[in-house]
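# Summary of structural features
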Amino acid sequence: MSDWFLDLFTAEAEKLISKPLQAAHGLQGVDTSWWVGGLPEPAEEDVVVGAVDGGGGIQPLAGGGALYIARAFGVTGPVQEEPERGLELRLYPVRDSRILDALRSWVEHRVASSLAMRLRRIGGSGSILLMDGSYRALVSAALVSIAKASRGRLESLSHAYLALLSLELIVSVKELFTQASRAGILLAYVSKDHSYSFLKEYVLLSHVASKAPETMKRINDSLQWYPLKSRHELLELSRSLDEELRQALLAALDQSYRDTAFIWDMVGGEPGYTHPLTIPPSHRLHSFYTSRGGVRRVVETLCSSIERILPGEEAEACWGDVDRAVEAIDSLPGVSAMYVRLQAMEQPLLVETPAGHGFWAPGRRMLLPDVEAEKLIAVLYRDYGGEDYYNIYLVAAHVNATLTGRQMEAYMRLLDVLASAHGVRLMLARRSTMHRGLRGRRRRRIPGAR
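Analysis parameters
- Residues numbered from 1 in each chain as written.
- Predicted model: local features only at pLDDT ≥ 70, side-chain atom pairs only at ≥ 80, totals over all residues.
- Heavy atoms only, no water.
- Helix = DSSP H or I, 4+ residues; strand = E, 2+ residues; numbered from the N terminus.
- Rg over C-alpha atoms; globule rule 2.2 N^0.38 Å.
- Buried < 20%, exposed > 50% of the residue type's maximum accessible area, 1.4 Å probe, protein only.
- Contact = heavy atoms within 4.5 Å.
- Areas by Shrake-Rupley, 256 points an atom, 1.4 Å probe, with all protein chains shown as cover.
- Lys, Arg positive; Asp, Glu negative; His and termini not counted.
- Charge placed at Lys NZ, Arg CZ, Asp CG, Glu CD.
- Disulfide = S-S within 2.5 Å.
- Expected span 1.5 Å × (residues − 1).
- Arc of directions from axis to C-beta.
- Patch = residues over 30% accessible without salt bridge, like charges linked within 9 Å, V, L, I, M, F, W, Y side chains within 5 Å.
- Salt bridge = Lys/Arg side-chain N within 4 Å of Asp/Glu carboxyl O.

## Things to note about the overall build of the protein
When you go through the protein residue by residue, the secondary structure sums to 17 helices and 11 strands. For the protein, the C-alpha radius of gyration of 24 Å lies close to 22 Å, the compact-globule estimate for 450 residues. C-alpha atoms of the protein, sized along the principal axes, occupy 75 × 65 × 50 Å. Looking at the protein as a whole, 53% of its 450 residues qualify as buried. In the protein, once contacts between residues fewer than 6 apart in sequence are set aside, the share between residues at least 24 apart is 80%. As displayed, the protein has an accessible area near 21,300 Å², and 52% of this comes from carbon and sulfur atoms. Taking the average location of the 52 positive side-chain charges in the protein and that of its 53 negative ones, the two points are 6 Å from each other.

This is how it looks when you write it as structure tokens:
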């Protein structure tokens, strides 16, 4: 079959290539001192690493509801020991993949806490514990679920169960940070796929503010939060700027222009890493938790809402966790993030570590890479095995944690036999089981709080 548009395309293509090709954003004169070209020497073999990843699946039941299976797997290296494992099986009267995500993350952090204690024994202080995913995205999603359910207008049972699991997750995250800190272990979250723009916004808006001091106050106010606050006011500033600064400001506000593309445009595809940058919470989330009478009031309102629709064990569990949840939310560590490219021409990894300030502190601060940051990069470089094996220990944890369709079917057969032995009949839905391994999860980009 012929293409009726081929001649039109050829004509348009010739017009396009006859003009000098330019980058989508004109970013001349922007400072690149935030990038460190090259990598440190790979770490020695005596630095012990632990890595945790998880998987899970949902089995729908006839008539509604579902069985949720979440499991996590922890490995150590180069010192090889028995893996750390955890599995949770729960029955909920709702079907919601977000519940599985929260349950799996909770199991991952429970396994990670156990692995942290083992790392202290086999590797001592200075060992490194790697978690798959984004710490900021994980915590932000949990806090949003709690906030939505605490408004007193629960719209479904799914929201109630998701909020309860999110509360458990926040507590487990804080416990992991406490365990790692006591053991002298460096905790890092590593993401292969991500879609943040916190670095681009900071670099470009700081550049505009330094060249046009009259914009500094408005830009600094907006940079206090991520995502940017008062974007429309920043857009209005572009009319008073010269063309070069205008292009930089518009690039900073372009929500489709992510950090990965920005790094490529500014420094190319060379190996290296960025200076760590602290990431503040969103202004909306911060305002909710501070304007509703504080964190305790939010958590207590959540438990009251759950008590009205889930009287019994769920409500009792919520009220029993109030003190721990309030302490955990109040004292969550902040986020320090950097991008690391371990191989030329590859997309950089996003690496997040606890920051010295709390999660709720506003403002973005660029830090100089310290000894711990360089050690972490050296370990990531040592354990890099190519684009598909970006970290051999995280990949090993992923492979063992992923719940395959065949394993899910075997679990259901075993559960059916055990149920029959106890005189219980499980009515599984006719539709096929759903298993959710981490490979599928990685294909969906981690939201940059957009």
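## Topic: the state of the cysteines
All told, the structure shown has 1 disulfide when counted by the stated rule. Two residues, C303 and C318, share a disulfide whose sulfurs are 2.1 Å apart. Disulfide C303 to C318: torsion about the S-S bond roughly -80 degrees, handedness left-handed. One end of the pair, C303, is in helix 11 (residues 295-309); the other, C318, is in helix 12 (residues 313-320), with 15 residues separating them in the sequence. An identical accessibility class is assigned to C303 and C318; each is buried.

## Examining helix 16 (residues 405-421)
Counted at 1.5 Å a residue, the expected span for helix 16 with its 17 residues is 24 Å, and the 25 Å between its end C-alpha atoms agrees. Taken as a whole, helix 16 has its buried residues at G405, M408, M412 and A419. For helix 16, the angular spread of buried residues about the axis comes to 55 degrees, placing them on one side. For helix 16, exposure combined with an orientation more than 90 degrees from the buried face picks out R406, R413, V417 and A421. Looking one or two residues past helix 16, G423 carries a phi angle of roughly 75 degrees, positive in sign.

## Looking at a positive patch on the surface
A cluster of basic side chains, namely K148, R151, R153, R284 and R292, defines a positive patch on the protein surface. As for its position among the elements, R153 is in the loop between helix 3 (135-149) and helix 4 (157-183).

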